[in-house]
Amino acid sequence: MGRAVGTSVRRKDGDAKVTGAAKYIDDLTFPGMLFGATIRATIPRGEIVNTHIDLSPDYIVADYRDIPGKNYVALLDPDQPCLAEREVRHVAEPVLLVAHADRRALFGIDEQVRFDYRELAPNYDPETSETCFKQIAIDKGDIERGFRDAEVVVDGEYRTSHQEQLYIETNGVIAVPGDGQITVYGSLQCPYYVHKALVVLTGFTPDRVRVIQTETGGGFGGKEEYPSMLACHAAILAIKTGKPVKMIYDRVEDLLATTKRHPAIVRHRTGLTRDGRITAMAVDVLMDGGAYATLSAVVLSRGVIHAAGPYRCDHIRIRGRAMMTHTPPNGAFRGFGAPQTQFAVEAHMDRVAEALGIDPVRLREVNALRPGDSTATGQKLGKDASALPVLREAVKRSGFRRKRREWKGTNRGIGLSLFFHGSGFTGAGEVKLASKASLELTRSGARILVASTEIGQGTTTMLAQIVADALELPFAAIEVQQPDTDVVPDSGPTVASRTCMIVGKLLERCARDMRRKLGALTPAQYFTRHGAFTVTKQYEPPAGLAWDDQRYSGDAYGSYAWGCNVVEIEVDPVTFEVTPTHVTAVAEIGKAIHPLMAEGQIQGGTAQGLGYALLEEVVMRDGRMANAQLTNYIIPTPMDAPPIEVAMLERPYAHGPYGAKGVGEMPIDGPAPAVINALRHCGFDIRLIPATPERLMRARR
Amino acid sequence: MLLTINGRQRRLTVPPMARLLDVLREDCGLTGTKEGCGEGECGACTVLVDGVAVDSCLVPVAHVEGCQVVTIEGAAAAKRSAKALQNAFVEHGGAQCGICTPGMIMAALPLKAGASRDEIKTALAGNLCRCTGYISIFNSVEAALSPAKKGPPSRVALRRASAHARRR
Amino acid sequence: MPVDARTLTLQRPRNLKAALAMLAKEPTLTPIAGCTDVLVGLHFGTSDTRQFIDLWSLDELRGITSKPILRIGALTTYTEIIASPLVQKRVPMLVAAAREIGGAQIQNRGTLGGNIANASPAGDTLPVLAAAGALIVLRSASGERRVSFARFYTGYRTSVRQPDELITAIEIPAIDGRQWWRKVGTRRAQAISKIMMAGVRSPADHLRQGYGGQEAGRHSCKVRIAIGSVAPTVVLAEAAAAVLSQGGAIGDAQAALRKEIAPIDDLRSTGDYRQQVAANLLAAFWKDTE
Ligand SMILES: Cc1cc2nc3c(=O)[nH]c(=O)nc-3n(C[C@H](O)[C@H](O)[C@H](O)COP(=O)(O)OP(=O)(O)OC[C@H]3O[C@@H](n4cnc5c(N)ncnc54)[C@H](O)[C@@H]3O)c2cc1C
Ligand code: FES
Ligand code: FES
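Predicted, not measured: the structure shown is a model, and the values here were computed from it.

Scoring rules and cut-offs
Residues numbered from 1 in each chain as written. Chains lettered and ligands numbered in written order. Predicted model: local features only at pLDDT ≥ 70, side-chain atom pairs only at ≥ 80, totals over all residues. Heavy atoms only, no water. Pairing = 2+ DSSP bridges. Helix = DSSP H or I, 4+ residues; strand = E, 2+ residues; numbered from the N terminus. Axes fitted to C-alpha atoms, helices over the stretch in contact; angles between N-to-C directions. Near = heavy atom within 4 Å. Polar contact = N/O pair within 3.5 Å; in protein donor to acceptor, adjacent residues only side chain to side chain. Areas by Shrake-Rupley, 256 points an atom, 1.4 Å probe, with all protein chains shown as cover. Buried < 20%, exposed > 50% of the residue type's maximum accessible area, 1.4 Å probe, protein only. Contact = heavy atoms within 4.5 Å. Buried area = accessible area lost by both parts, 1.4 Å probe. Salt bridge = Lys/Arg side-chain N within 4 Å of Asp/Glu carboxyl O. Core = buried A, V, L, I, M, F, W, Y, C linked by side-chain atoms within 4.5 Å. Domains from an automatic or database assignment. Nonpolar A, V, L, I, M, F, W, Y, C, P; charged D, E, K, R; others polar. Phe/Tyr/Trp six-rings, centres within 6.5 Å; stacked < 30°, edge-to-face > 60°. Lys NZ or Arg CZ within 6 Å of the ring centre and 35° of its normal. Expected span 1.5 Å × (residues − 1).

1. Considerations on the sheet that holds strand β1 (residues 9–11) of chain C
Residue and element names in this part refer to chain C.
- Reading across the sheet, the three strands line up as β1-β3-β2 and stay open at both edges, with parallel pairing between neighbours. Looking at which strands have only one partner, the edges of the open sheet turn out to be β1 and β2 (30–32). With direction set aside, neighbouring strand axes in the sheet form an average angle of 35°.
- Sheet topology note: the β1/strand β3 (residues 51–54) ladder contains three bridges and is parallel. Paired with Leu 10 across the strands is Phe 52, a residue of β3.

Below is the structure:
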């Protein structure tokens, strides 16, 4: 058996995408459709005291009073209004909506609307902010004792900046009103998040709200929570006008208004013995949440849980805070807090190695988490704890030690990072989600019914592979239903590297049940004799998983994927430009269901991580993104892409489908610290990313 | 205005300064050409005009009067190598979310058989992809243009499969 | 916010003469060539011109010839420059600069005349043309004139070009000695320059009467250096070039250079960086052309 899993079958969505046949949201139209635009605040903080609108009657204008239900974007905290009423907390906060039948009639529409404000002094500094969205404390062992045992103590502060997801397809939705109901089509990751937000906004019963995901041109977390806001806007206009309303952001608006990765300040204090054993780790994590809570609490949570890195230490104290500032809200982005904190710990580890005068590989070998060790939250690791194997594989493959020796004192550098990433929701999250997945028998095989979305990462193909093998049917016999809340159960959001491990497992269970029920019959035979049937399964936590949300201790994740990156760079002594020349990316992901797609995730995430390390900077001026064009927000081009050599190791996870764990997010945790460590090897002391040439020039040692 | 798009003549009433991109998508219903920026940076809107790759967001429709315009929808009919490219993007992981893919394929289309990796990079330098890190895109184009390297199903995957086979 | 194309007009002359006549009548018309700047301006709503005149079909403005002086038509695209054996041979630094502009699609449409007329301080060909001592050929209904590149720009995005004039060609005199080009952009492609430098180092005995027309005999060599993105317009670093020409030390030349440029902080880089890197580029130029 096992014909599909583990092989790189032809992806299901491939042919439509390469021929231009795939329909993305902006490719759709509905009869009588209007276009919608958003009028946004232009100040970072204050109150709107007056509104002047100079528009002819063919424009339909909506404000918060047009919201039939409640005026907040339902997610975690009900703090963020869908349309500002009086208070403004950030530049680009939505205030009014305008609809018109002619798309072009909306160009320059914001010039026809003027607000009088009573301005208040904004605060952009999370350190001095008085509003804390979330505070988390993790304590393991006795930190005082850990420092008493230390012979050497190393301190350090590390900073990361905003990062934009920069999916190439901007955010967009179409809302289609019906009789007391609403349907929203859109480019989105989480149909049921949007559904929940629409139910609150409209006051409709859940069965009168329908959300359908269209082909989605990239998400990376940027279409996790933001589409709820946009869907609400389109719905308001659709309900008010009684017509379908399309809202597509142009690139500038998408950059100005939508969420970014949280900037972070992370402080480390680490106690060690002279031979490099960590005795104590104290970590302080401060994240800039922006103006509203959005997902800051959970981003912070994942950030702090990963803040001590993949290292064994008996005495750990981690403190985390997510603070409010008057900038557009920050939110989900691949890695979800872990890239920030693992950047810090991995950059710190190389400074520790330097302070002790030992080799950075040796330092990590001594301290890497091993099977049976426990993490910062006290989670005891199973046999699939692979920090050491990935480290050794990466060091060997890349010739790390030799290059490290030979390149010393030159403008070439080599650096590494060791990291891990929990798969699935944190703590009791998966239990609370109680995800469901269904499998429906068809005449020729089976149809997968889940809300998990294909956003390029290969969801439909990978889930179909799992089902095909569990059903003992050919891959082609498995169809995947486009996510539509009227048809598919809530299998949870497509985030947190959970789709393969959690949803894949649910479907595997569905398929095994279906297989048993079919007995000796083929689907066609069964279908003809008894008709279709559907199997639905709900998430059940693996036995023995325990999490204490008060003390923040226990089994934070079902399992972890492990990674090690080695980045080789060249620094131009004339211009301080850094060229990554080669990356070795080793990942242990349990099982590569589709090796080519898994490799694609690792390469894509690594490239995004290199951008994070070297190029990508959101220039904030007076609370506004000043470089909101693609020409000025710099992501890597084909010319900037180094070869990325991927090696995947497989230590199966007992509760994942065919042993699989998550793979989507982890690849972005490692590149930034590996780059910074390679720069350190070249003589540059960098503790803030992106490491632009301008910063390098000042950081020469 | 008389335009030839994918070999078919169309008479359209459009302003001369309208972006070719809008004319294709809105007036011709050819939505395979995508808009990622409208400022010439991302290449998602790439089409061929008389065989030359251009960003259709930066071409006023007046400039293509009397020219042959080819979009992703007409690529396979217009050029033999298009089918191989399209197939290779599926087989070698060149298309993930797919939004950059039509532009990538159109930008790769003028390349000659046997193009080197450097030539491929140069041809695609004006196309952004946020999903792949570009490597599988280079692999896809290379595989399509070099018949010798064609082979089932994907070089990359096989190499990887054996890499982790060793581990077990 | 984008400008609605329905509010834009486009005049389409059949030949250069007709174009010049239209411009003579309506000097407020804005010429369009490859539109890689014009349509970006309209997309962002940063340009307030609404009436255009199309040059794209004027074949008289295309082509590269050498009889005997190298003449590049204003409508010549970067792709054509890169492919031209004549330019490769005579002005390799222009080919190098053209290769690094935008990506393939931009090189296929962007024109040399457009780069000059657009007059961005970050225009990549400008330092090359300045260092090459190029002449800009301007033409209006009432005649043609040539302006030396060094005198073309009068300030930030302003030039001596009159509204009724078109750039018809760029003439580049023969260049002796070594040519050098380096662009420092925000990334490897699709990059606006943070700073770029073009340099020419001619041996003294091969000196010709170029721009500036200094007496040659006393100098060990003749040097021309032009830098972009460090001032409102391209800078000819004459003082630094003079130090090097007279056999001065590189450190002195760098000190002279620092006084000739006044780079600022912007979205893409800092004044400090540009100062430092300008000095580094000068040293690299000097070393590479030894
Ligand atoms: C994505 C992208 C990347 C880019 N990268 C670079 C880069 O790396 N380096 C760089 O220097 N530039 C770059 N540019 C800018 C642009 O491509 C160049 O300036 C190009 O040379 C402009 O030529 P064009 O023919 O497209 O000009 P157009 O946009 O047609 O015109 C530009 C200006 O010049 C005027 N004009 C054009 N031709 C004439 C003429 N013959 N006589 C009088 N006036 C004229 C027009 O009226 C207009 O004001 C980039 C642009 C984009 C969109
Ligand atoms: S949309 Fe034309 S280049 Fe991005
Ligand atoms: S495949 Fe998603 S942007 Fe390229």
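That shown, we press on.
2. Section: the site of ligand 1
- As a matter of local geometry, ligand 1 sits amid 38 residues, with Pro 31, Thr 36, Asp 37, Tyr 78 and Thr 111 of chain C nearest to it.
- Two or more chains meet at ligand 1, and those chains are chains B and C.
- With respect to ligand 1, the side chain of Asn 115 of chain C contributes an N or O atom lying 2.8 Å from an oxygen atom.
- Lys 183 of chain C has a polar side-chain atom sitting 2.9 Å from an oxygen atom of ligand 1.
- When ligand 1 is considered free in solution it has 980 Å² of accessible area, and contact with the protein chains removes 93% of it.
- Among the secondary structure elements, those contributing two or more residues to the shell around ligand 1 are β2, α2 (38–44), α6 (104–109), α7 (112–118) and β10 (166–172) of chain C.
- The element that contributes the greatest number of residues to the shell around ligand 1 is α7 of chain C, accounting for five residues.

3. With respect to helix α16 (residues 671–681) of chain A
All names here are of chain A.
- The element α16 is largely enclosed, with a buried count of 11 among its 11 residues.
- Taken together, the buried positions of α16 are occupied by Pro 671, Ala 672, Pro 673, Ala 674, Val 675, Ile 676, Asn 677, Ala 678, Leu 679, Arg 680 and His 681.
- Just past α16, the residue Gly 683 takes up positive phi, approximately 100°.

4. Structural notes on the interface of chain A and chain B
- Listed by partner, the interface residues are 62 residues for chain A and 53 residues for chain B.
- Buried area between chain A and chain B, both sides added, is near 4600 Å², and the carbon and sulfur share of it is 55%.
- Of all residues in chain A, Val 18, Ile 168 and Pro 638 of chain A give up the largest surface area on contact with chain B, accounting jointly for 16% of the area buried on that side.
- Linking chain A with chain B are nine salt bridges, by the criterion used here.
- For Asp 22 of chain B, the salt bridge goes to Arg 103 of chain A, with nearest N and O atoms at 3.5 Å.
- Here the side of chain A that touches chain B takes nine residues from helix α15 (residues 595–614) of chain A, the largest share from any one element.

5. Focus on the side chain of Ser 491 of chain A
Residue and element names in this part refer to chain A.
- Within the secondary structure layout, Ser 491 lies in the loop between β19 (478–480) and α13 (499–518).
- Here the side chain of Ser 491 touches Ala 451 through a polar contact of 2.8 Å, landing on its backbone nitrogen.
- There is a polar contact of 3.0 Å between the side chain of Ser 491 and the side chain of Ser 452.
- If sequence neighbours within four positions are ignored, Ser 491 has contacts with Ser 435, Lys 436, Val 450, Ala 451, Ser 452, Arg 498 and Val 503.

6. Section: unusual backbone geometry
- Omega for the bond connecting Ile 689 of chain A with Pro 690 of chain A falls within 30 degrees of zero, at 5°, which places this linkage in the cis form.
- By the secondary structure assignment, Pro 690 of chain A is in the loop between α16 and α17 (693–699).
- Of note, the bond from Lys 67 of chain C into Pro 68 of chain C is cis; its omega dihedral lies within 30 degrees of zero at -15°.
- Tracing the backbone shows Pro 68 of chain C in the loop between β4 (64–66) and β5 (70–73).

7. Let's talk about the pattern of salt bridges
- A complete count under the given rule lists 80 salt bridges over all chains for this structure.
- Arg 10 of chain A is the partner of Asp 15 of chain A in a salt bridge, and the nearest nitrogen-oxygen pair spans 2.9 Å.
- One salt bridge in this structure joins Glu 65 of chain B and Arg 12 of chain C, with 2.7 Å as the shortest N-O distance. Residue Glu 65 of chain B is located in the loop between β4 (52–55) and β5 (68–70), and its partner Arg 12 of chain C is located in the loop between β1 and α1 (16–25); the two belong to separate chains.
- On the basis of relative accessible area, Arg 12 of chain C is assigned to the partly exposed category, the value being 37%.
- Taken together, the shared-partner salt bridges in this structure form one network comprising Arg 103 and Arg 104 of chain A together with Arg 19, Asp 22, Glu 26 and Glu 35 of chain B.

8. Concerning the sheet that holds strand β13 (residues 221–228) of chain C
Residue and element names in this part refer to chain C.
- The strand order across the open sheet built from four strands is β11-β12-β13-β14, with neighbouring strands paired in antiparallel fashion. The open sheet has two free edges, formed respectively by β11 (178–185) and β14 (235–236), since each of these has just one partner strand.
- Bridging between strand β12 (residues 193–203) and β13 involves eight bridges; their strand directions are antiparallel. The partner of Pro 203 across the bridge, within β13, is Cys 221.
- The strands that helix α5 (residues 92–99) touches are β11 and β12; relative to β11, the one it contacts most, it runs at about 15°.

9. Examining the nonpolar core
- In terms of nonpolar packing, the biggest core is built from 139 residues, with Leu 679 of chain A together with Ile 225 of chain C touching the most fellow members.
- Two domains each provide a minimum of three residues to this core, namely domain 2 (31–122 + 165–257) and domain 3 (264–427 + 551–699) of chain A.
- Excluding residues within four positions of it along the chain, Leu 679 of chain A makes contact with Ile 569, Val 571, Val 578, Phe 684, Ile 686, Ala 691 and Leu 696 of chain A.
- Counting residues in each nonpolar core, the second largest holds 59 residues, with Phe 52, Ile 82, Ala 97 and Ile 167 of chain C among its members.

10. Observations regarding the interface of chain A and chain C
- If you look at the interface, chain A gives 35 residues, while chain C gives 28 residues.
- With both chains or domains summed, chain A and chain C bury close to 2600 Å², and 57% of this area falls on carbon and sulfur atoms.
- Counting across the interface, chain A meets chain C through five salt bridges.
- We note a salt bridge from Arg 182 of chain C to Asp 572 of chain A, for which the minimum N-O separation is 3.0 Å.
- At three residues, the largest contribution of residues to the side of chain A that touches chain C is made by α17 of chain A.

11. Structural notes on the domain arrangement of chain A
Residue and element names in this part refer to chain A.
- In terms of domain boundaries, chain A breaks down into domain 1 (14–22 + 435–538), domain 2 (31–122 + 165–257) and domain 3 (264–427 + 551–699).
- Computed from C-alpha atoms alone, the centre-to-centre distance between domain 1 and domain 3 is 34 Å.
- Domain 1 puts 20 residues into the contact, and the matching count from domain 3 is 24 residues.
- Note on domain 1 versus domain 3: buried area summed over both sides is about 1500 Å², and carbon and sulfur give 67% of it.
- When the area that domain 1 buries against domain 3 is broken down by residue, the three leading residues are Ala 496, Ser 497 and Met 501, summing to 40%.
- At the junction of domain 1 and domain 3, the tally comes to zero salt bridges.
- Counting across the domain 1 and domain 3 interface gives five residue pairs in polar contact (both at pLDDT 80 or more).
- Looking at the side of domain 1 that touches domain 3, its residues break down into eight nonpolar, seven polar and five charged.

12. What to know about the packing of aromatic side chains
All names here are of chain A.
- Per the counting criterion, the structure on display carries 14 aromatic pairs over all chains.
- Centre to centre, the rings of Phe 115 and Tyr 117 are 6.0 Å apart; their planes meet at 55°, and the pair counts as tilted.
- For the ring pair Phe 420 and Tyr 560, a centre distance of 5.2 Å and an interplane angle of 15° mean the geometry is stacked. Of this pair, Phe 420 sits in strand β16 (residues 412–423) while Tyr 560 sits in strand β23 (residues 559–571), and the two are 140 residues apart along the sequence. As far as the burial class goes, Phe 420 and Tyr 560 line up, both buried.
- Stacked on the ring of Tyr 64, the Lys or Arg Arg 65 has its end atom at 5.8 Å from the ring centre.
- Positioned above the aromatic ring of Tyr 612, the side-chain terminus of Arg 261 is 5.0 Å from the ring centre.

13. Re the environment of Arg 404 of chain A
Residue and element names in this part refer to chain A.
- Along the chain, Arg 404 turns up in helix α10 (residues 400–406).
- Between the alpha carbons of Arg 404 and Ala 699 there is a distance of 21 Å; along the sequence they are 295 residues apart.
- In contact with Arg 404, not counting residues within four places along its chain, are Asp 350, Pro 360, Ile 414, Gly 415, Asn 677 and His 681.

14. Digging into α15 of chain A
- Over its 20 residues, α15 of chain A runs 28 Å from end to end, which matches the ideal 28 Å to within 8%, given 1.5 Å per residue.
- For α15 of chain A, the buried fraction is high: 20 of the 20 residues fall into the buried class.

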